[in-house]
Protein chains: 2
Amino acid sequence: MTNNNGQEYLTKQLRPFLTAFLVAGVQNVVLSPGSRSTPIAILLGQLEDQGRLHLYVNIDERSAGFFALGLAKTTGQPVLLVCTSGTAAANYYPAICEAQSSNVPLVVLTTDRPPELQEIGTPQTLAQDYLYGQQVKSFYRLPVPAVALTDVERNYFTYIAQKSVYEALNFPSGPVHLNLPLRKPLLPQVAKNSVSDSDLACKPLIAPNTNQPDEKVIQQLFQLLNGKKGLLMAGPSVCQRADVAAIVDFAQQAQWPLVADPLSNIRGVDSAITSGDWIFKNWDNLPASYRPEVVLRFGATPVSAATASWLATSDVPIIYLDANRSLLDHTLSTTLALAHTPRTVLPQLDIKPVASDWIQQWQQLDAVIQATLTNGLCGVQLNEPLVARTLAQCLPAKSALFVSNSMPIREIDDYFNPQQPLKIFANRGANGIDGINSTALAMASQHQPAYLYIGDLAFFHDLTGLMMGKQYNLNLTIIVQNNNGGGIFSFLPQATEKTQFEKVFGTPLNIDIAAIAQLYQADYMKVTTVQNLKKALATMPDGLRIIEIPTSREDLVSGEQVLAKEITKRVQDLTHEN
Amino acid sequence: MTNNNGQEYLTKQLRPFLTAFLVAGVQNVVLSPGSRSTPIAILLGQLEDQGRLHLYVNIDERSAGFFALGLAKTTGQPVLLVCTSGTAAANYYPAICEAQSSNVPLVVLTTDRPPELQEIGTPQTLAQDYLYGQQVKSFYRLPVPAVALTDVERNYFTYIAQKSVYEALNFPSGPVHLNLPLRKPLLPQVAKNSVSDSDLACKPLIAPNTNQPDEKVIQQLFQLLNGKKGLLMAGPSVCQRADVAAIVDFAQQAQWPLVADPLSNIRGVDSAITSGDWIFKNWDNLPASYRPEVVLRFGATPVSAATASWLATSDVPIIYLDANRSLLDHTLSTTLALAHTPRTVLPQLDIKPVASDWIQQWQQLDAVIQATLTNGLCGVQLNEPLVARTLAQCLPAKSALFVSNSMPIREIDDYFNPQQPLKIFANRGANGIDGINSTALAMASQHQPAYLYIGDLAFFHDLTGLMMGKQYNLNLTIIVQNNNGGGIFSFLPQATEKTQFEKVFGTPLNIDIAAIAQLYQADYMKVTTVQNLKKALATMPDGLRIIEIPTSREDLVSGEQVLAKEITKRVQDLTHEN
């Protein structure tokens, strides 16, 4: 039963406005309920019933923001995020900051009180214009929908909707904010046939930005690369599958080593180098023969600090080819920045292959390091490196893995060597430990089988985010590596400051992971051995599954030191042999 | 054991800086751990060990922000809130918005990467300057502490620290943001005696702002009030106990009725009128004899929408005396706005009492309405109005009660009639349902016995906030009124929109409250009768206690309508009698 008592002008104005987002490419919408957003909420619900979009409802706006981020990140499509007025909108801020710094196309639509209620102390009324400051690409202040609707107004709304999606997608991708003031009464007219289809039509105005490089750029690049001993570095978030393919093909053609960040989605491809972090940590132990004559980088900042540090200090020419980030290089090492996608540039370069000993010595080095890790990580009881190593062995083909920040992403970088490329995601812009469960659940709504690798603090930080798993019956296996606190701080200088350490850095919370599983009706198991982890991963979950793995913060540093020492020894042995 | 390997210049610069906040009046500090804030965290931990401050550590920055808000709100003292760089800072935004709109003195210290790491894609680096836009009173960008420290720099830091506290406190009170860039290495020198006491001294520069009205204002006000049939309206958050006393004394002296908002902390005082919302809902049924000749308002916007609506449409002169909010009146009814505290103004007004029938008819009206509510709310099984009514009967003297937004605050307004004034708090600036558990736990750290009255959605929204209760062993009884969704929407026009209602407004989450209790090691009981609620409230909790009361969203509207009809009838009977 639908009501006939609502405002027809709201429907005539706002339904084409919402349709315009869909025309421009939005398929998924995340809504947090509230009063001021009433007409948008009802019209979105109706559009979903008509099969026009997927609507996710999440009452915690912080989680909702990260869920939207995850949808956009793992589909490559822009996502619309809608809330009511007041602090609801402020809760989106963490996800918006992450979207801005990791180039994720989000369109944030906040609803607001009308102008006559601003600045006079009206309850639940903030200054929402420019609420997200420099953390969005653009901000648009929409007018209050007019009771006497004109074509100009209707077209203005559909134009701004499409423009906002276009801006979110256009390189560098990122979040865009629209603030929509609404005046009571807020109920739209939703009776069937009250508004004709032609009233709701919206014509597309956006042409895709092909961003083709011109001929001169291709020639210049060819000159810089052809005949050189080159090194390819693929960082996180290489834009699309076509970019990954272009990079892999180029590596094959040029016979250049390809150092693959765990988030490049290239690890597991034949010939990709997995040991980048270990190699650059050991750079001073390597002979000059390993020195490339040119580096060609793609994607965002590598996870590996040693790699970034090598870039910062190397005198090798470094070409950074990335449509989103080529002008963002905190290593300050770039000698040529090209704001294009690999897929538009690399196939045009007809590079000749270099002599095969160049790539062979890199692959041999990678193999020695990986063999050393495999030998070093052969225990029965799980520790953190062994968890990462085991995941690489056991995750099924086509798995999607979300990796949390702080320790897990570093452990994946150092120990995760899959047999085939998997879809691996993380929030590596602002690198927060917030919103991880939500982002991973959004991934699980798009890719199966789905896994999240996370520490206890990040898992706890986004506790409410797990509700989306229960509400939408999403299949996700969460591997909670529980070292009871902040493991990363044990690697930092404050580890020597024993008096204050546990209070202000270690922060053990003694989280009852089993109780969390019960709260969300998740399957739960505690696993301490490699064998049991393998057994657990051999089955598929129905809904949420939480695998708790107790680990020790005390062992983290010493464990890494033992492996690092052994790797250094093997690297020295190898290069002395040669 | 303390380290000797840290940077002495960091300690010499930052310890006086932190001491300056204390000199200016900060007693409580809330810290969220991170790497960039390392020297601040260690020095704060040390200051706490020396008994100089209370330090609360909370890993979820959103909860931490609300915990700090709650400390500031319930102590009246400024609170310092400290985090690392990146999205950590963005998580503070909801609490900052609430502090700004409800005039709570917060000093937010975010730490940041140094200038040479800005704008070049450094991980975990946002544009933090002006991060909170218009939601803070002031923003200060501090310089990176210099290795070669000068007196000028040290004095600059201590000056800005004190100035920020002063601004947060000064009317209108609110949040202030400081962004502090720090350069590695981040470990400060903390060995004993490495820095002498005199190095750390900091002299106070702030004199309290007495904000005394001048003689002319007092005379003008006397002319407007003396001899009139006046009505006093005390809204939420009347600043200090001295203000409450001044208002109560003035009401007594002038023999004026005093309509007490539930958040005025005046309900329960002899002669205070509790039924404001019902009276103004029934205004058209009252004879002209109830019409005041002047209204004198204090505090923030009343919870009662009917009261605000009466103000907006009344032609009675309305004087708004409030140091924080007198220029924020969304009813647009103020005829004279005075930005002073009641305590500085009212004792200077030597008003003559008006004839006693004026106050008597108001008190009689109040008594009839309260008797009608008592008669109407006499069931055995609990419903939401009965919960609020029972709390008023059972909470012990000197209790502190935190009231959540959405339904609970409205129910407290309509049904809560305590025998004696209690300390009642709420977040009534932006009126969000976020951060309520955290704010209430902060209250519990300052006032005992402590109670929180909250619905299931708000309770869930700040699920991580409960951790502070477990970590700091805070005694708080949480009354969770579980109507499985958003009850408030049943009162709004969209309640007629049956097709979309449950999906985008009602949002039942079927939250397992008992599992949440287990997660935080809280006592848990489910209560359905008045008698059992009374029995439960007769005991004091040790730590967290959760009382779940299942209620029905379906009954909410009809239940209120029955009571409203009966009150209207009794009011008509009373005024026809007279």
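Reading the values: the criteria
Every chain's residues receive numbers from 1 upward, in the order its sequence appears when written. The order in which chains are written sets their letters, starting at A; the order in which ligands are written sets their numbers, starting at 1. Predicted model: local features are reported for residues with pLDDT of at least 70 only, side-chain atom pairs are reported and counted for 80 or more only, and whole-chain, interface and lining totals are derived from all residues. For the side-chain quantities, the full set of heavy atoms in the structure was used; hydrogens and water were omitted. UniProt positions are given in the numbering used here, feature names are shortened, and annotations may be inferred rather than shown by experiment. Labels follow the DSSP assignment, with helices taken as runs of H or I lasting at least four residues and strands as runs of E lasting at least two, numbered in each case from the N terminus. In this setup the radius of gyration rests on C-alpha atoms only. A globule is expected at 2.2 Å times the number of residues raised to 0.38. Categorising residues by exposure relies on relative accessible area from a 1.4 Å probe, with only protein chains included: less than 20% of the type maximum marks a residue as buried, more than 50% marks it as exposed, and the intermediate range marks it as partly exposed. In what follows, residue pairs with any heavy atoms lying within 4.5 Å of each other are defined as contacts. For any pair of parts, buried area is found by adding up, for both, the accessible area (1.4 Å probe) each one loses once the two are put together. The working definition used for a salt bridge is a side-chain nitrogen of Lys or Arg within 4 Å of a carboxyl oxygen of Asp or Glu. Note that Gly is not counted as nonpolar here; it falls among the polar residues with everything else outside the nonpolar set of Ala, Val, Leu, Ile, Met, Phe, Trp, Tyr, Cys and Pro and the charged set of Asp, Glu, Lys and Arg. Handedness rule for crossovers: strands pointing away from the viewer, path from the first strand over the helix to the second running clockwise, crossover right-handed. For two strands to count as paired, DSSP must find a minimum of two bridges between them. Fitting a line to C-alpha atoms yields each axis, with helices limited to the stretch in contact; the angle taken between N-to-C directions then spans 0 to 180 degrees. Throughout, disulfides are identified as pairs of cysteine sulfur atoms within 2.5 Å of each other. Here the copies are superposed with least squares, the fitted atoms being C-alpha atoms of residues at a pLDDT of at least 70 in both. Summary of the metric used: pLDDT quantifies the predictor's per-residue confidence within the range 0 to 100. Left-handed describes a crossing whose near helix is turned anticlockwise from the far helix through less than a right angle; right-handed describes the clockwise counterpart.

- An unreviewed UniProt entry annotates chain A as 2-succinyl-5-enolpyruvyl-6-hydroxy-3-cyclohexene-1-carboxylate synthase originating from Bombilactobacillus thymidiniphilus.
- Recorded in UniProt under Function (unreviewed entry), the annotation for chain A is "Catalyzes the thiamine diphosphate-dependent decarboxylation of 2-oxoglutarate and the subsequent addition of the resulting succinic semialdehyde-thiamine pyrophosphate anion to isochorismate to yield 2-succinyl-5-enolpyruvyl-6-hydroxy-3-cyclohexene-1-carboxylate (SEPHCHC)."
- Heading Sequence similarities (unreviewed entry) of the UniProt record for chain A holds this comment: "Belongs to the TPP enzyme family. MenD subfamily."

**Some words on the overall build of chain A**
Working step 1: Tallying secondary structure elements over chain A gives 21 helices and 18 strands in all.
Working step 2: Radius of gyration (C-alpha) of chain A: 26 Å, near the 25 Å computed for a compact globule of 578 residues.
Working step 3: Seen through its principal axes, chain A has C-alpha atoms that stretch 85 × 60 × 45 Å.
Working step 4: Per-residue burial for chain A yields a buried fraction of 64% across its 578 residues.
Working step 5: When contacts within chain A are restricted to residue pairs at least 6 apart in sequence, those whose partners lie at least 24 apart make up 79%.

**Looking at the interface of chain B and chain A**
Working step 1: Contacts between the two partners involve 84 residues from chain B and, on the opposite side, 84 residues from chain A.
Working step 2: Regarding the contact of chain B and chain A, the summed buried area is about 7,200 Å², with carbon and sulfur atoms giving 61% of it.
Working step 3: It is Ile59(B), Thr87(B) and Leu519(B) in chain B that bury the most area against chain A; as a group they hold 9% of the surface buried on that side.
Working step 4: At the surface where chain B touches chain A, the tally comes to six salt bridges.
Working step 5: Counting residues per element, the side of chain B that touches chain A draws most heavily on helix α2 (residues 38-49) of chain B, at seven residues.
Working step 6: Considering only residue class, the side of chain B that touches chain A consists of 38 nonpolar, 30 polar and 16 charged.

**Some words on the UniProt feature "domain: Thiamine pyrophosphate enzyme TPP-binding" (unreviewed entry) in chain A**
Working step 1: Under the local residue numbering, the UniProt record ascribes the feature "domain: Thiamine pyrophosphate enzyme TPP-binding" (unreviewed entry) to residues 439-541 of chain A.
Working step 2: Along residues 439-541 of chain A the backbone is 42% helical and 17% strand, and the end-to-end C-alpha distance reaches 18 Å.

**Some remarks on the pairing of strand β13 (residues 400-403) of chain B**
All names here are of chain B.
Working step 1: Residues Ala-400 and Phe-402 point to one face of β13 and Leu-401 and Val-403 to the other, with burial holding for every one of them.
Working step 2: Handedness of the β-α-β unit built from β13, helix α14 (residues 407-415) and strand β14 (residues 423-425) comes out right-handed.
Working step 3: In terms of strand pairing, β13 meets strand β15 (residues 450-455) through four bridges, oriented parallel. When the bridges of β15 are listed, Phe-402 appears paired with Leu-452.

**Side note on the environment of Pro185(A)**
Residue and element names in this part refer to chain A.
Working step 1: Inspection of the secondary structure puts Pro-185 in the loop between β6 (176-181) and α7 (215-225).
Working step 2: For Pro-185 and Val-57, which are 128 residues apart along the polypeptide, the C-alpha to C-alpha distance reads 23 Å.
Working step 3: Those residues in contact with Pro-185 that sit more than four places away from it in its chain are Gln-7 and Leu-10.

**Regarding the sheet that holds strand β2 (residues 54-57) of chain A**
Residues and elements named next belong to chain A.
Working step 1: Pairing in this open sheet of six strands is parallel, and the strands run β2-β1-β3-β4-β6-β5 from one edge to the other. Sheet topology places β2 and β5 (138-141) at the edges, where each strand pairs with a single neighbour. The sheet shows a mean angle of 20° between the axes of neighbouring strands, direction not considered.
Working step 2: Both strand β3 (residues 79-83) and strand β4 (residues 106-112) contribute to a ladder of five bridges, which runs parallel. Bridge pairing links Leu-80 to Val-107 in β4.
Working step 3: On top of the sheet, helix α2 (residues 38-49) reaches β1 (28-31), β2, β3, β4 and β6; it is set at about 135° to β2, its chief contact.

**Some details on the state of the cysteines**
Working step 1: All told, the structure shown has zero disulfides over all chains when counted by the stated rule.
Working step 2: With no disulfide of its own, Cys97(A) has Cys83(B) as its nearest cysteine by sulfur position, at a separation of 11 Å.

**Considerations on the pattern of salt bridges**
When the charged atoms of two side chains lie near each other, side chains of opposite charge can form a pair.
Working step 1: This model, assessed by the stated rule, comprises 31 salt bridges over all chains.
Working step 2: A salt bridge links Glu48(A) to Lys503(B), with the shortest nitrogen-to-oxygen separation between them at 2.7 Å. Of this pair, Glu48(A) sits in helix α2 while Lys503(B) sits in helix α18 (residues 498-506), placing the two residues on different chains.
Working step 3: Taking the shortest distance from any N to any O, the salt bridge between Asp413(B) and Arg267(B) comes out at 2.7 Å. With Asp413(B) in helix α14 and Arg267(B) in the loop between β8 (258-260) and β9 (272-273), the pair connects residues that are 146 residues apart, well separated along the chain. For the pair shown, Asp413(B) and Arg267(B) are each scored as buried.
Working step 4: Through salt bridges with shared partners, a single network forms among Glu48(A), Asp49(A) and Lys503(B).

**Comments concerning the relation of the copies chain B and chain A**
Working step 1: Between chain B and chain A, which share one sequence, the superposing operator has a rotation angle of 180° and an axial displacement of 0.0 Å; the RMSD is 0.0 Å. A rotation of that kind, with that shift, is consistent with a two-fold axis.
Working step 2: Take the interface residues of chain B: 100% of them recur as interface residues in chain A, which is what a same-surface contact looks like.

**Details of the confidence of the model for chain A**
Working step 1: This prediction gives chain A a mean pLDDT of 94; 96% of its residues lie at or above 70.
Working step 2: As scored by the predictor, the complex reaches a pTM of 0.96 and an ipTM of 0.95.

**Re the side chain of Gln361(A)**
Working step 1: Here Gln361(A) is to be found in helix α12 (residues 357-376).
Working step 2: With residues up to four places along the chain from it excluded, the contact list for Gln361(A) reads Ser289(A) and Tyr290(A).

**Things to note about the sheet that holds strand β7 (residues 230-234) of chain A**
Residue and element names in this part refer to chain A.
Working step 1: On the basis of which strands lie adjacent, the open sheet formed by six strands has the order β9-β8-β7-β10-β11-β12 and parallel pairing. A single partner strand is all that each edge strand has here, and the edge strands are β9 (272-273) and β12 (336-338).
Working step 2: Pairing of β7 with strand β8 (residues 258-260), which is carried by three bridges, proceeds in the parallel orientation. Counterpart to Ala-234 in the pairing with β8 is Ala-260.
Working step 3: In the packing of α7 onto the sheet, the strands contacted are β10 (294-298), β11 (318-321) and β12, and the crossing angle to β12 comes to about 135°.

**Concerning the packing of helix α13 (residues 384-394) of chain B against helix α20 (residues 530-537) of chain B**
Residues and elements named next belong to chain B.
Working step 1: Look at α13 against α20: their axes get within 10 Å of each other, and the N-to-C directions meet at 40°. By crossing handedness, the relation of α13 to α20 is classed as right-handed. The segment α13 lies against α20, with Leu-386, Val-387, Thr-390, Leu-391, Gln-393 and Cys-394 engaging Val-530, Leu-533, Lys-534 and Leu-537.

**Topic: the pairing of strand β10 (residues 294-298) of chain B**
Residue and element names in this part refer to chain B.
Working step 1: For β10, the buried fraction is high: five of the five residues fall into the buried class.
Working step 2: Covered by surrounding structure in β10 are Val-294, Leu-296 and Phe-298 together with Val-295 and Arg-297, the residues of both alternating faces.
Working step 3: Judged from the five bridges that link them, strand β7 (residues 230-234) and β10 form a sheet pairing that is parallel. If you follow Leu-232 over to β10, its bridge partner there is Leu-296.

**A word on unusual backbone geometry**
Working step 1: With an omega dihedral of 0°, the bond running from Lys184(A) to Pro185(A) counts as a cis peptide bond.
Working step 2: Looking along the chain, the bond that leaves Phe171(B) and enters Pro172(B) is cis, with omega of -15°.
Working step 3: You can see Pro172(B) is positioned in the loop between α6 (151-169) and β6 (176-181).
Working step 4: Unusually for a residue other than glycine, Tyr130(A) sits at a positive phi of about 60°.
Working step 5: Assignment of secondary structure puts Tyr130(A) in the loop between β4 and β5.
Working step 6: Despite not being glycine, Asn484(B) has its phi angle at roughly 50°, a positive value.
Working step 7: Secondary-structure assignment places Asn484(B) in the loop between β16 (476-482) and α18.
Working step 8: Of the residues examined, Asn484(B) reaches a relative accessible area of 23% and is grouped as partly exposed.

**Here's the deal with the UniProt feature "domain: Thiamine pyrophosphate enzyme N-terminal TPP-binding" (unreviewed entry) in chain A**
Working step 1: Within the UniProt annotation, "domain: Thiamine pyrophosphate enzyme N-terminal TPP-binding" (unreviewed entry) is assigned to residues 20-126 of chain A.
Working step 2: Along residues 20-126 of chain A one finds 42% helix and 19% strand; the C-alpha atoms at either end are 27 Å apart.

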